[in-house]
Every structure is written in structure tokens, then in C-alpha cells.
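Summary of structural features
Listed below, chain by chain, are the residues.
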Amino acid sequence: DVKVTQSSRYLVKRTGEKVFLECVQDMDHENMFWYRQDPGLGLRLIYFSYDVKMKEKGDIPEGYSVSREKKERFSLILESASTNQTSMYLCASSPIGGWGNQPQHFGDGTRLSIL
Amino acid sequence: AQKVTQAQTEISVVEKEDVTLDCVYETRDTTYYLFWYKQPPSGELVFLIRRNSFDEQNEISGRYSWNFQKSTSSFNFTITASQVVDSAVYFCALSGALGDNNDMRFGAGTRLTVKP
């Protein structure tokens, strides 16, 4: 069965800290995604990766960076955490190939609070 | 630009009622894909269905059914005889050209509460 695992369900950090959110998938998917979910705004794409060491900015990349050194792992980095980055963060993966866009498989989410 | 609107922020029904979740989309693409996901309280989004723009046939899967109408740019989701386990946030999503996964757009979500 498809599995996307996020390292923490809940995380509390302080303003100015460097924060790492980790995501691992076991499906050998090429694509991996980081979203943030806020009430009334749905899911907004932060960054996307379609291959190892490849990344593309999504809609709201400011204040974030990502790392994909191995196919199965996609890390989201908050360079200097701020209170407006308090949110639910969701990681997803999907395969490429085949006809049409494949559905994304999501992790359980990390609820991050920045104090 | 692509956009998905889920006008219903919250819906509350009593068990066994039927409920329809609305989804209206905007796109200039002729080829596009529509999705519905369910997010239960545990947090993980669960994929429910994908439709492409060339297939307007309605789909039924158990108590779930989807009504895709290109004329009104809508992709509505109906749960028949709702159950408490259906309580969740439901997201409608839209993506564009073939293989271009980074343009997926999600609606704001509809929180469905089914009361016993």
C-alpha cells in the first residue's frame, strides 16, 4: 500500500529558528510536493520536485526552501521561522507517466506552531 | 488562471440524509483533470476520484456519486444515505495539461459533519 510518512505530527518552534520538515515515500514516485493548508484557503503549493536534486517553486515559496537528495525523501526548510508560518504542512507524492495527471498521495500532515 | 470554488464552507446533516458538495472550476485548458479528496480528522488526504475533461459520464461508487457538467463548469459530489464516518473536509481540485502536476489547484474545502 502507498505510504507517505511525515516525520512529526506536531511541532512547536520559536521565531527565527531554522526548521526542517521531513517527508519519505515508499512508492518510488518521481514527483513530491509540499503544501500548506490554512482555513479558508485550501491547500497551497510551496515547492514541487520531479526528480532528485530538481525543484520548482509553487505559489508561495517565500521563506521556504527544499532539498531532495534521494528519490524517496523531500525536506521542507523554514530558513528563519516566523509566526505567519504557523500552519498545517502536507507532503504528497505521485508517479509520472501514463495518460494524464496521476492522483497525489498525502502524508498525515505536520501541524507546526511558531511562537 | 485556474481556480476552484467550493462555496459551501460547512455542511451539517443528520445520518441517512443525502448531501451534495458543490465544486465549480475555471480553466482555459481544453484538457484538464478534476479530483476529489477526503480529509478525515486524522489529517491525511485520501484520493476519491479523478475525471478528465473528455469524460462527462457520471460516476457512482457505492454511496458516492459525481456529476460532471462542462456546461456549468461543475463537478459536484453527492453522498447518499450519509454516515457518521463521512464526516471530514472534502476538497475538490483541478489540474491542467498532461503530466504537469505542479499546477494542481485546490478549493478551500467543505467541512461535512454527519450527526447520528
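Residues numbered from 1 in each chain as written. Chains lettered and ligands numbered in written order. Predicted model: local features only at pLDDT ≥ 70, side-chain atom pairs only at ≥ 80, totals over all residues. Heavy atoms only, no water.

Let us now look at unusual backbone geometry. All names here are of chain B. Phi angles above zero are rare outside glycine, and Lys-16 is one such case at about 85°. Judged by its relative accessible area of 67%, Lys-16 is exposed. Backbone geometry at Ser-73 places phi at a positive 50°, although glycine is not the residue there. Structurally, the position occupied by Ser-73 is in the loop between strand 8 (64-69) and strand 9 (74-79). On the basis of relative accessible area, Ser-73 is assigned to the partly exposed category, the value being 24%. (Buried < 20%, exposed > 50% of the residue type's maximum accessible area, 1.4 Å probe, protein only. Helix = DSSP H or I, 4+ residues; strand = E, 2+ residues; numbered from the N terminus.)

Facing the 26 residues of chain B at the interface are 25 residues of chain A. Applying the counting rule to chain B against chain A returns one salt bridge. The salt bridge partner of Arg-105 of chain B is Asp-59 of chain A, with a shortest N-O separation of 3.0 Å. For the pair chain B and chain A, the interface holds four residue pairs in polar contact (both at pLDDT 80 or more). If you list the elements that add at least two residues to the side of chain B that touches chain A, you get strand 5 (33-39), strand 6 (46-52), strand 10 (88-95) and strand 11 (105-106) of chain B. If you tally residues by element for the side of chain B that touches chain A, the top one is strand 5 of chain B, at four residues. Residue composition of the side of chain B that touches chain A, by class: eleven nonpolar, ten polar and five charged. (Contact = heavy atoms within 4.5 Å. Salt bridge = Lys/Arg side-chain N within 4 Å of Asp/Glu carboxyl O. Polar contact = N/O pair within 3.5 Å; in protein donor to acceptor, adjacent residues only side chain to side chain. Nonpolar A, V, L, I, M, F, W, Y, C, P; charged D, E, K, R; others polar.)

Residues and elements named next belong to chain A. Strand 5 (residues 42-51) sits mainly inside the fold: seven of its ten residues count as buried. Inspection of the sheet shows strand 4 (residues 31-38) paired to strand 5 by seven bridges, in the antiparallel sense. Following the sheet pairing, Gln-37 is matched in strand 5 by Leu-43. A loop of two residues connects strand 5 with strand 6 (residues 54-57), the two strands running antiparallel in sequence, and Lys-53 in this loop sits at a positive phi of about 65°. (Pairing = 2+ DSSP bridges.)

Turning next to the environment of Asn-31 of chain A. Turning to its location among the elements, Asn-31 of chain A is positioned in strand 4. Considering only alpha carbons, one finds Asn-31 of chain A and Glu-72 of chain A, 41 residues apart in sequence, at a separation of 9.6 Å.

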